[in-house]
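Structural description and commentary
Here's the letter readout for the chains.
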Amino acid sequence: MAYIGHGGKEIVERVITDRAQAEAKIKGLTPVPVRGQIAREVIGLAYGFFCPLEGFMKRADVESICKNMTLADGTLWSIPIVFDMDDSEINEKGIKEGDTVLLTYRDQPLATLEVEEIFTFDKKEIAQAVYGTTEDKHPGVARTYAYKDKFIGGKITLVNPPKINPPFDKFFLTPIQHRQKFAEKGWERIVAHQTRNVPHTGHEWLIKGSWLQANGELRVDDRLRTGALVNCIIGEKRKGDYIDEAIVLCHDVLRTAGYFRDDIHMVTITMWDMRYAGPKEAIFHAILRTNLGLTHHMFGRDHAGVGTYYGTYDAHLIFEKVPEGALRIKPIRVLDWWYCPVCNEVTYMALCGHKDKKQSFSGTLIRSIIMDGVKPPRLIFRPEVFDLIMECAEKYGFGSPFVTDQYLANRNPVFSLEPMSY
Amino acid sequence: MADVYPINIWINEERYEKLKEAGLAGMTKEVLAGLKVIQVPCNAEQRDQLLAMYPGSKCDTATTKTIELLPKDVKDKIFDLIVANKSVDVIAQFLASVKG
């Protein structure tokens, strides 16, 4: 069965699962070690998370993204996916267009890269076009400036499929597997909740509210046909972030503890290093979740933003600029949920008339409460979630639910590669 | 008047009882769905010293002006000083004890 992804293109998995075939393919290829970001993007490309891309972008695509927010063929796209390499390393290894090289990660083969084009590109132009700024204080701009001086575009083929390690193994599905799972569940509409946080009840209500919006006019008398997918972004961590294990497991416990029905809620992960590109990242997330088979995507305030670079609802407004038919997923634009002491409940900005009494879910306040180890009221934080955060801190976080130097140095990797000769 | 940068100390039942004994329960306020907090004032100089000593902490300049994300043991120590001194003006003493 063909699964159609973003741009109306079929999702193609570029993966060799036969070990002997893979070993034969990589024999004699020049090895090129890659860092974590590139390894995660290779996996994303190979399984079709970034459909219609089948490899790292060539110059024409990057140029078109910067000028038109599309790939060279006109398909909507907002963030370049590029492979960077030092000119000196390219020369040293004698890499030239037409070659195929072997990308390795942590000393093991990962994928082949067909060197279709070696090119340069003005990083400032990328920064301005994607992030709307050239300031290196912006983490996405800093990431762009950290790219080496040359880019290599070309198709990749995964030769050593990653082994996803516990506890993430239960949550990793390829785009095709996502679609198969949705079909099993009988979901006709699926709404995405993008997250990098452990959930407080403000998040929980964002998911519940967007489920209601996505379900809309569908029949509900016989069975439910809409699902909510919490798709956790797993990528490079910064000190002070929630640890990955707590994010994934705490979202999952919302269902197992009954705050969501088993037949309407699911948690998965996607490997991606956040760019904090605000509205442009919102477009990228919409594309990514289209490829997972979702029909709706929730966007809240300051989606994927950082600092004061973007307006509160820029990620809502950018969808006004997307031409009709360019996206196969519907944005669900939501306002804030807050606690209202007059209503005595978590309520919605568009409904509650006590704005002057609102008590907002500030991420910083919530983190401060967690750091103090003080259990918040269940209206704010489900006790099962709070207990699990503390459990994850002990089990995975070296005593902290937040990323520390120790966690960065000693955590269990999200995925490993089996040893393979090359 | 000099700017004040408070530290939020979150109050559970056990802490609330201790504050009651110290006669400070009235200084708590409800912030989020009944969750209580007691605020410990810092001046700008004290704020800067704390942020330098504990690099994971930050001053939420955008909204609350509070100093957040201090390590738990630091806040436990500050809370103990509040109860012992029956006052929230304890940051000078805390900083002296850490430096001393």
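Report follows, based on the coordinates. (Residues numbered from 1 in each chain as written. Chains lettered and ligands numbered in written order. Predicted model: local features only at pLDDT ≥ 70, side-chain atom pairs only at ≥ 80, totals over all residues. Heavy atoms only, no water.)

As a further point, take the overall build of chain B. A count of helical and extended segments in chain B gives 4 helices and 5 strands. Along its sequence from the N terminus, chain B presents helices and strands in the succession β-α-β-β-α-β-β-α-α. Radius of gyration (C-alpha) of chain B: 13 Å, near the 13 Å computed for a compact globule of 100 residues. Along the three orthogonal principal directions, the C-alpha set of chain B runs to about 35 × 30 × 30 Å. Across the 100 residues that make up chain B, the buried fraction comes to 44%. Contacts in chain B between residues far apart in sequence, at least 24 positions, make up 62% of those at least 6 positions apart. (Helix = DSSP H or I, 4+ residues; strand = E, 2+ residues; numbered from the N terminus. Rg over C-alpha atoms; globule rule 2.2 N^0.38 Å. Buried < 20%, exposed > 50% of the residue type's maximum accessible area, 1.4 Å probe, protein only. Contact = heavy atoms within 4.5 Å.)

Before going further, it helps to examine the packing of aromatic side chains. Across all of its chains, the model carries 17 aromatic pairs over all chains by this definition. Aromatic pair Phe50(A) and Phe284(A): ring centres 5.7 Å apart, planes at 55°, arrangement tilted. With Phe50(A) in the loop between helix H2 (36–47) and strand E2 (55–56) and Phe284(A) in helix H10 (residues 279–291), this residue pair connects regions lying 234 residues apart in the sequence. Phe50(A) gets classed as buried once you look at its relative accessible area, which sits at 1%. Residue Phe284(A) is classed as buried on the basis of its relative accessible area of 1%. Ring geometry for Tyr147(A) and Phe151(A): centres 5.7 Å apart, planes at 80°, overall edge-to-face. Judged by its relative accessible area of 6%, Tyr147(A) falls in the buried class. The ring of Tyr16(B) carries Lys36(B) above its face, with NZ or CZ at 4.9 Å from the centroid. (Phe/Tyr/Trp six-rings, centres within 6.5 Å; stacked < 30°, edge-to-face > 60°. Lys NZ or Arg CZ within 6 Å of the ring centre and 35° of its normal.)

To continue, consider the packing of helix H2 (residues 44–53) of chain B against helix H4 (residues 91–99) of chain B. Residue and element names in this part refer to chain B. It is at 11 Å that the axes of H2 and H4 come closest, and there the two elements cross at 40°. By the angle between their directions, the pair H2 and H4 is classed as oblique. Like other packed secondary-structure pairs, H2 and H4 cross with a definite hand, here left-handed. Listed contacts from H4 to Gln46, Gln49, Leu50 and Met53 of H2 are Ile91, Ala92, Phe94, Leu95, Val98 and Lys99. (Axes fitted to C-alpha atoms, helices over the stretch in contact; angles between N-to-C directions. Parallel < 35°, antiparallel > 145°, perpendicular 65-115°, else oblique. Left-handed = near helix turned anticlockwise from the far one by under 90°.)

What follows concerns the pattern of salt bridges. All names here are of chain A. Inspection of the entire model under this criterion finds 42 salt bridges over all chains. Note that Asp73 and Lys9 form a salt bridge whose closest N and O atoms lie 3.7 Å from each other. Taken together, the positions of Asp73 in the loop between helix H3 (59–68) and strand E3 (83–85) and Lys9 in the segment before helix H1 (19–26) put the pair 64 residues apart, joining distant regions of the chain. The partly exposed category is assigned to Lys9, whose relative accessible area is 32%. Asp262 is paired through a salt bridge with Arg255; the nearest N and O atoms lie 3.3 Å apart. Each of Glu188, Arg219, Asp221, Asp222, Arg223 and Arg225 takes part in one network of salt bridges that share partners. (Salt bridge = Lys/Arg side-chain N within 4 Å of Asp/Glu carboxyl O.)

We now examine the environment of Phe182(A). All names here are of chain A. The residue Phe182 is located in helix H7 (residues 175–185) in this model. Expressed as a C-alpha distance, the spacing of Phe182 and Ala326, which sit 144 residues apart in the sequence, is 23 Å. The residues contacting Phe182, other than those within four sequence positions of it, are Trp187, Ile190, Leu229, Met266, Leu292, Gly293 and Leu294.

Another aspect to go through is the interface of chain B and chain A. By convention, interface size is frequently given as the accessible area that disappears when the constituent parts associate. With 19 residues of chain B at the interface, the matching set in chain A holds 18 residues. Here chain B packs against chain A, burying approximately 1600 Å² in sum over the two surfaces, 68% of which is carbon and sulfur. On the chain B side of the interface with chain A, the three residues burying the most area are Leu32(B), Ala33(B) and Leu69(B), jointly 39% of the side's total. Taken together, the connections running from chain B to chain A amount to 2 salt bridges. In this structure, the salt-bridge partner of Asp372(A) is Lys75(B), at a minimum N-O distance of 2.9 Å. When residues of the side of chain B that touches chain A are traced back to their parent elements, those giving at least two are strand E1 (7–11), strand E2 (29–32) and helix H3 (72–85) of chain B. Per-element tally for the side of chain B that touches chain A: the top contributor is E1(B), with 4 residues. (Buried area = accessible area lost by both parts, 1.4 Å probe.)

The subject of this paragraph is unusual backbone geometry. Residue and element names in this part refer to chain A. Of the consecutive residues Cys51 and Pro52, the connecting peptide bond is found in the cis state with omega at 15°. Residue placement: Pro52 occurs in the loop between H2 and E2. In the segment running from Pro166 into Pro167, the intervening peptide bond is cis, with an omega of 0°. Mapped onto the elements of the fold, Pro167 is located in the loop between strand E8 (163–164) and H7. Positioned with a positive phi, Asp107 is a non-glycine residue whose angle comes to about 70°. If you trace the backbone, Asp107 turns up in the loop between strand E4 (100–105) and strand E5 (108–114). Positive phi values are uncommon outside glycine, yet Phe398 reaches one of about 55°. By the secondary structure assignment, Phe398 is in the loop between helix H13 (383–395) and helix H14 (405–410).

Residues and elements named next belong to chain A. Along the chain, the position of Arg275 falls in the loop between strand E11 (265–271) and H10. Arg275 sits in the buried class, given a relative accessible area of 1%. At a separation of 2.7 Å, a polar atom in the side chain of Arg275 contacts the main-chain carbonyl oxygen of Asp273. Non-local contacts of Arg275, meaning those with residues more than four positions away in its chain, are made with Gln37, Glu41, Ile79, Pro80, Tyr131, His138, Gly140, Arg143, Tyr147 and Glu281. (Polar contact = N/O pair within 3.5 Å; in protein donor to acceptor, adjacent residues only side chain to side chain.)

Turning our eyes to something else, we now look at empty space enclosed by the protein. Residue and element names in this part refer to chain A. What the rule picks out here adds up to 1 cavity of 30 Å³ or more. Along the walls of the largest cavity sit Ile79, Pro80, Val82, Ile126, Val130, Tyr131, Gly140, Arg143, Thr144, Tyr147 and Arg275, which together make up its complete lining. When contributions to the lining of the largest cavity are tallied by element, the ones reaching two or more residues are helix H5 (123–131) and helix H6 (139–145). Considering only residue class, the lining of the largest cavity consists of 7 nonpolar, 2 polar and 2 charged. (1 Å grid on protein atoms, 1.4 Å probe; cavity = no way out; pocket = protein on both sides within 12 Å on 5 of 7 lines; lining within 4 Å. Points joined across faces, edges and corners; volume = space filled by probe spheres on them. Nonpolar A, V, L, I, M, F, W, Y, C, P; charged D, E, K, R; others polar.)

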